[in-house]
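# Survey of secondary and tertiary structure
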Amino acid sequence: MTSHGPLAQAWLRRLGPPVEGALRLVCFPHAGGGASSFHPLARALGPQVEVLAVQYPGRQDRRHEPPLPRLSELAEGAADALLASPGGTPYALFGHSLGALVAYESARRLDRAGATAHRLFVSARCAPTTGPGPTDQLAGDAALLAEVRRLGGGDALDDPEVQTLALPALRADYQALRSYTWRDGPGLRCPVTAMTGTQDPLCAPGQVTDWLRLSVVPGRSRVFPGGHFYLQDRVSEVARAVLTDLGLSTSHAALAHATAT
C-alpha cells in the first residue's frame, strides 16, 4: 500500500519500495487489467521513480468489490485517492489504453483541485477529441474475448478459470468506455507525452499527436515498435522515454537489467 489514508489504500498500490524524495509515477491499467501489470515498468524505473498503480474495483485484490461501470467514476475515485494520499506533488500519470482516458480525466480533476500533475503519459489510445475508439461499443463475452486476443493480450484467457476471473472486469471496463463522452474544457496545465505502437490497430502513429492539443503546455509524441501491447516487449525503451520526459537520468542499473531480461 502507498499510504495510511483509507481512500488511497483502496485505490493505490506501490510497486516496489518507497523512495525518499523521488518523483512518483501513477499508472492506470488497460481494460480488464490490474495494478500488477505495471511491475516490469516499475522495476525498470527504480530507484529514480517511485511507481504506484491504480487498482480499479472488481479485480485482483479488489475482486470482491463491484466494478464501476462509468469511466467518470474510475477517474473520480483515482483523483480523490491521489488528493488524499500524503506527499503531494510532484507526481506524473501514465495510462495505457482505457487507462489513458482514465488518467486524462483524473488529470483534469486534479487541475481543478489545484494539484496539477508533473506530466501526463497516454499510451495506446487516440485522443478523446476524435470520438469513441473503433471497438469501444463492443459488448458480449465472445466479442470481448476475441478483441483482447486480437490485440495480443489474451493468451491466458484460454484457461476457463482465468476467463471466469477476468470477464467481470472486462465487461465493466467496456461498459465504462461506452459510457464516456468527451466534454470540452480548459486545457491541461501539465505537458503530455503521447505514445503508441507502430502496428497498433486502435491508434496509428499519425493519430497520437491529437493528444498534444489537450494541454496548454508543449508536449511530445513517441512511437515504439509493436502493437497495442508494445509496452510488454519494450519496457526498457519506454522507461528511458519516461525518464527523459521527466527530466531524469537514463543511465542506471535497473534499465540495464530490464534490457537483459
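Look above for the structure.
Residues numbered from 1 in each chain as written. Predicted model: local features only at pLDDT ≥ 70, side-chain atom pairs only at ≥ 80, totals over all residues. Heavy atoms only, no water.

### Remarks on the sheet that holds strand β1 (residues 12–14)
- With respect to topology, seven strands assemble into an open sheet ordered β1-β3-β2-β4-β5-β6-β7, the strand pairing being mixed. Where the open sheet ends on each side, the last strands, each with one partner, are β1 and β7 (220–224). Neighbour-to-neighbour, the strand axes of this sheet turn through a mean angle of 20°, independent of strand direction.
- Strands in contact with helix α4 (residues 98–112) are β2 (23–28), β4 (91–96) and β5 (120–123); relative to β4, the strand with the most contacts, it is inclined by about 150°. (Pairing = 2+ DSSP bridges. Helix = DSSP H or I, 4+ residues; strand = E, 2+ residues; numbered from the N terminus. Axes fitted to C-alpha atoms, helices over the stretch in contact; angles between N-to-C directions. Contact = heavy atoms within 4.5 Å.)

### Comments concerning α4
- Compared with the 21 Å implied by 1.5 Å per residue over 15 residues, the 22 Å span of α4 between its first and last C-alpha is a close match.
- Phi for G114, located one or two positions after α4, is positive at around 75°. (Expected span 1.5 Å × (residues − 1).)

### As for the packing of helix α3 (residues 71–84) against α4
- Put simply, α3 and α4 touch, their axes get as near as 8 Å, and they point 55° apart. On the basis of the axis angle, α3 is oblique to α4. The two elements α3 and α4 cross, and the hand of that crossing is right-handed. Where α3 abuts α4, its residues L71, S72, L74, A75, E76, A78, A79, L82 and L83 lie against L98, L101, V102, E105, S106, R109 and L110.
- A per-class count over the contact of α3 with α4 returns eleven nonpolar, two polar and three charged. (Parallel < 35°, antiparallel > 145°, perpendicular 65-115°, else oblique. Left-handed = near helix turned anticlockwise from the far one by under 90°. Nonpolar A, V, L, I, M, F, W, Y, C, P; charged D, E, K, R; others polar.)

### Some remarks on the state of the cysteines
- Evaluation of the coordinates by the stated rule reveals zero disulfides.
- This cysteine, C27, is not joined by any disulfide, and C190 carries the nearest cysteine sulfur, 15 Å off. (Disulfide = S-S within 2.5 Å.)

### What about the pairing of β5?
- The alternating pattern of β5 places L120 and V122 and F121 and S123 on opposite faces, both of which are buried.
- Pairing analysis gives four bridges linking β4 to β5, with the strands arranged parallel. Directly across from G95, in β5, lies its bridge partner V122.
- This β-α-β element, β4 to α4 to β5, shows right-handed connectivity. (Buried < 20%, exposed > 50% of the residue type's maximum accessible area, 1.4 Å probe, protein only. Right-handed = clockwise from strand over helix to strand, strands pointing away.)

### Describing the packing of aromatic side chains
- Summed over the entire model, instances satisfying the criterion amount to four aromatic pairs.
- Centroid distance F38 to F94: 6.1 Å. Interplanar angle 75°. Geometry classified as edge-to-face. With F38 in the loop between β2 and α2 (39–45) and F94 in strand β4, this residue pair connects regions lying 56 residues apart in the sequence. Each member of the pair, F38 as well as F94, carries the same accessibility label: buried.
- Ring centres of Y104 and W211 lie 5.5 Å apart, and the angle between their planes is 75°; this geometry places the pair in the edge-to-face category. (Phe/Tyr/Trp six-rings, centres within 6.5 Å; stacked < 30°, edge-to-face > 60°.)

### Overview of the environment of P47
- For P47, the location among the structural elements is in the loop between α2 and β3 (49–54).
- By relative accessible area, which is 56% here, P47 ends up exposed.
- Separated by 28 residues in sequence, P47 and V19 have C-alpha atoms that sit 6.8 Å apart.

### Here's the deal with the environment of A42
- With respect to the helices and strands, A42 occurs in helix α2.
- Looking at A42, the relative accessible area reads 8%, which means it is buried.
- As for A42 and A239, which are separated by 197 residues in sequence, their C-alpha atoms are 8.7 Å apart.
- Setting aside anything within four residues of it in sequence, one finds A42 in contact with L15 and V51.

### Comments concerning unusual backbone geometry
- Cis geometry is found at the peptide bond from G46 to P47, where omega equals 5°.
- Of note, the phi angle at Q60 is positive, near 50°, even though the residue is not glycine.
- By relative accessible area, which is 32% here, Q60 ends up partly exposed.

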